[in-house]
Amino acid sequence: MATTSLWPIHNSGSKAVKAIVRQVVEYAENEDKTKERAPAKEKASTADPQATVKSVMEYVSDKNEGMKYVTGINCTAEHAVEEMMITKRRWPDKGNRVLYHGYQSFMPGEVTPEQAHRIGVKLAQDLWSERFEVVVATHLDRAHIHNHYVINAMSFVDGTKFIWDEEFPRMQVRSDELCRAESLSVLPPNQDNEAARHIGAIHAGLKGTPTIESIVKEDVDSCVLAASSLSEWYRLMEAKGYRIDDSRKYLRVWPYGHTKCIRIDRRYGSEYTLEALEGRILSHGLVAEGVVEGENEDEAEEVRRLYEELRGRSESDERKSHGTTGAGMETHKGKQNPQTEKGRIKPYTMQRSYKGSSPLIAVQSRLMLPIGIQITYLRFIVRMGYRRTPRQIARIHYLYREELTRLDHYIAETRFLIGDDIHTEAELREKMENTYREISQSKKALQRLYRRSREHPEEKDSIVPQIRDMAAHLQEEKKDYRLCQSILIRTETMCRKEVMVERLKEDPAVAAKQIEATEKQGNKGKQNMEKAEERTKGGELYEQRS
């Protein structure tokens, strides 16, 4: 299964361009090199340019039986560095991209070295022989034979630069055509560029976790469904916190608070050009505002549904975590649960004290209604767009939407709050204190078991299961404590984002300045507090010494 990748080698300015070229070329060609260097970990931007080129050429030649499978196109393999530098001196260089380094990899056992090298040379000749100097080398050190390409970023014909956006897609298409002609396997469409994606995005996609890219794509689609014209699509996107620039080749979108854009028609495909977006908007034929019956359900109703769903899951998990002893009596953490009746747990009838709580909290708690921190979490999850319709998502600000990347954490913390019947910050801190004490006691008990196993080896067989159970119990307690800590921090984040969104709705320009000033003031206050603490500690140490 053939796959390809291509990436630039930059000049950081710390070393000469010739040094970068020499490093990459020798990295590709030096047959005496024995240390393996993975291309994905190459860090040429911080090295001498000539040394970088040299290193790549060394890498390529080291893995191909004494340069048997190294070919130069528009240059000789032995003098590739000098010939590439002649091209660079001939034309004024623009930008900091010195070379491009790529590979073409085949499935293990599919090709012979001669066949792989022939395909690699044919690929380079078809794509770049008219304008660029290229070195092709075939590696034989892995189970999968693969070709390496070292391409001069400057054309020897007219000095124009190699354009990755155009050349890499051509490389993928031509590579597939050559492989099919040789009866070799290729990747299905849209999978060959996985290597160019961030590893975190790849893992998130495999798990089904939302990413910034997937959120932006969903927001664009939802605004298309809710808009009746292209100008209204612009307005909806801007109201959600996006900045849009259509003055260049690709349509660029900046999410709120991000310094890097996403070029949506390049990232998501031809359906996301301005012309395609306008065609999609006109095709659904909605009236202004795109509102249809059933699209504006009450937020409180969505919160109630989510609460019922998570409460049901919490009850199910609660049952799974209980064991049975005797005549169906269920236990929790080794203790009998008085809230069981005929082997069945009564949902949410935890015996607790509501001293210090308001009468409303006490009544609603007994009625199993979400309030306090629970309602904050549930409302925020709904405002993220969780299980909302596309036209509802079209009116949700990006500050809410970006938190979907942490949806798993929000769900787990909400279920924890519901399962432990925690409604206020005071109850949460009480839970933290109790859990901390339990952790300390469990650690001491675990230490006693370890000590006993060392002092009485004959009892080891009976002690080891106890140690295992106690260690598992300790991990659960630590997990609860970390959840409490995370909830305290995340609650502040949710409240701050809600305030920011309300301010942005009133006056986006003024709100942005106020938010920036508030954050700066908060950082300054934090720094002053840290300095004061350091001075206090210094004074205490001075008094102790004196």
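All figures in this text were calculated on a predicted structure; none of them were measured in a lab.

### Remarks on the pattern of salt bridges
Summed over all chains, the structure comprises 29 salt bridges. Measuring nitrogen to oxygen at the nearest pair gives 2.9 Å for the salt bridge that ties R452 to E459. In this structure R452 comes out as partly exposed when scored by relative accessible area, which is 37%. Among the residues examined, E459 registers a relative accessible area of 25% and is labelled partly exposed.

### Digging into the side chain of K88
Along the chain, the position of K88 falls in helix 3 (residues 80–90). Engagement of the side chain of K88 in a polar contact is seen with the side chain of N152, the distance being 2.9 Å. Among all residues touching K88, those that are not within four sequence positions of it are V17, V21, V98, N152, A153 and M154.

### Looking at the sheet that holds strand 1 (residues 3–10)
The sheet built from five strands is open, its strands ordered 1-3-5-4-2 with antiparallel pairing. The open sheet has two edge strands, strand 1 and strand 2 (70–73), and neither has a second partner. The average undirected angle you get between the axes of adjacent strands in this sheet is 15°. Across eight bridges, strand 1 lies against strand 3 (residues 97–105) in antiparallel orientation. Within strand 3, the position partnered with S5 by the bridge is Y103. Strands strand 1, strand 3 and strand 5 (146–152) of the sheet are contacted by helix 5 (residues 164–181), whose axis makes an angle of about 150° with strand 1.

### Some points on the packing of helix 4 (residues 113–128) against helix 5
For the pair helix 4 and helix 5, interaxial distance at closest approach is 10 Å and the crossing angle is 135°. Between helix 4 and helix 5, the angle is such that the two are oblique. Considering only the axes of helix 4 and helix 5, their crossing is right-handed. Within the contact between the two elements, helix 4 uses I119, K122, L123, D126, L127 and W128 and helix 5 uses E167, R170, M171, R174, S175 and L178. Class assignment for the residues of the contact of helix 4 with helix 5 results in six nonpolar, one polar and five charged.

### A short note on the sheet that holds strand 8 (residues 262–263)
The strand order across the open sheet built from three strands is 6-7-8, with neighbouring strands paired in antiparallel fashion. Only two strands of the sheet have a single neighbouring strand rather than two, namely strand 6 (243–245) and strand 8. Pairing of strand 7 (residues 252–254) with strand 8 involves two bridges; the strand directions are antiparallel. Across the sheet, residue R252 finds its bridge partner in strand 8, namely R263.

### What to know about the environment of R305
If you trace the backbone, R305 turns up in helix 11 (residues 299–320). Assessed through its relative accessible area of 41%, R305 is described here as partly exposed. Placed 73 residues apart in sequence, R305 and L378 show a C-alpha to C-alpha distance of 9.7 Å.

### A word on the side chain of T87
Among the secondary structure elements, T87 is positioned in helix 3. The contact partners of T87, leaving out residues within four places of it in the chain, are E133, N152, M154, S155 and F156.

### Quick word on a positive patch on the surface
Taken together, the side chains of K444, R448, R451 and R454 define a basic patch exposed on the protein surface. Along the chain, K444 falls in helix 17 (residues 425–455).

### Some thoughts on helix 5
Between its first and last C-alpha atoms helix 5 spans 25 Å; for 18 residues at 1.5 Å apiece the expected length is 26 Å, and the two agree. Of the residues making up helix 5, those classed as buried are W164, E167, F168, M171, Q172, S175, D176, L178 and C179. When helix 5 is viewed along its axis, its buried side chains cluster within an angular range of 165° and face the same direction. Residues of helix 5 that are exposed and point over 90 degrees away from its buried face: R180 and A181. Packing partners of the buried residues in helix 5 comprise strand 1, strand 3, helix 4, strand 5 and helix 9 (264–268). A positive phi of about 60° marks S183, the residue just after helix 5.

### So, the nonpolar core
Most often, soluble globular proteins have nonpolar side chains that are buried together. Among the nonpolar cores identified, the biggest contains 65 residues, and V216, W233, M237, I264, L277, I381 and L428 are the most heavily contacted of them. Take this core: its biggest share by element is twelve residues, from helix 18 (residues 460–506). When near neighbours in sequence (up to four residues on either side) are disregarded, L277 contacts V220, V224, W233, L251, I264, E271 and Y272. Within the second largest apolar cluster, 28 residues are counted, among which are A2, F132, A153 and L178.

### Describing the packing of aromatic side chains
What describes a pair of aromatic rings is the distance from one ring centre to the other and the angle between the planes of the rings. A complete count under the given rule lists 13 aromatic pairs for this structure. Plain terms: the ring middles of W164 and F168 are 5.1 Å apart, the flat faces sit at 25° to each other, and that makes the pair stacked. Of the two residues, W164 and F168 both sit in helix 5, four residues apart, roughly one turn of that helix. Like F168, W164 is buried. An aromatic cluster of at least three residues, connected via ring pairs, comprises Y100, W128, F132, Y149 and F162.

### Some remarks on the pairing of strand 5
Across the seven residues of strand 5, seven count as buried, placing the element largely inside the fold. Because side chains alternate across strand 5, one face comprises the buried residues H146, H148, V150 and N152, and the other comprises N147, Y149 and I151, equally buried. In the sheet, strand 4 (residues 134–139) pairs with strand 5 via six bridges, with the strands oriented antiparallel. In the strand pairing of strand 5, H139 is matched with H146. Hairpin connection of strand 4 to strand 5: six residues between the antiparallel strands.

Rules used throughout
Residues numbered from 1 in each chain as written. Predicted model: local features only at pLDDT ≥ 70, side-chain atom pairs only at ≥ 80, totals over all residues. Heavy atoms only, no water. Salt bridge = Lys/Arg side-chain N within 4 Å of Asp/Glu carboxyl O. Buried < 20%, exposed > 50% of the residue type's maximum accessible area, 1.4 Å probe, protein only. Helix = DSSP H or I, 4+ residues; strand = E, 2+ residues; numbered from the N terminus. Polar contact = N/O pair within 3.5 Å; in protein donor to acceptor, adjacent residues only side chain to side chain. Contact = heavy atoms within 4.5 Å. Pairing = 2+ DSSP bridges. Axes fitted to C-alpha atoms, helices over the stretch in contact; angles between N-to-C directions. Parallel < 35°, antiparallel > 145°, perpendicular 65-115°, else oblique. Left-handed = near helix turned anticlockwise from the far one by under 90°. Nonpolar A, V, L, I, M, F, W, Y, C, P; charged D, E, K, R; others polar. Patch = residues over 30% accessible without salt bridge, like charges linked within 9 Å, V, L, I, M, F, W, Y side chains within 5 Å. Areas by Shrake-Rupley, 256 points an atom, 1.4 Å probe, with all protein chains shown as cover. Lys, Arg positive; Asp, Glu negative; His and termini not counted. Charge placed at Lys NZ, Arg CZ, Asp CG, Glu CD. Expected span 1.5 Å × (residues − 1). Arc of directions from axis to C-beta. Core = buried A, V, L, I, M, F, W, Y, C linked by side-chain atoms within 4.5 Å. Phe/Tyr/Trp six-rings, centres within 6.5 Å; stacked < 30°, edge-to-face > 60°.

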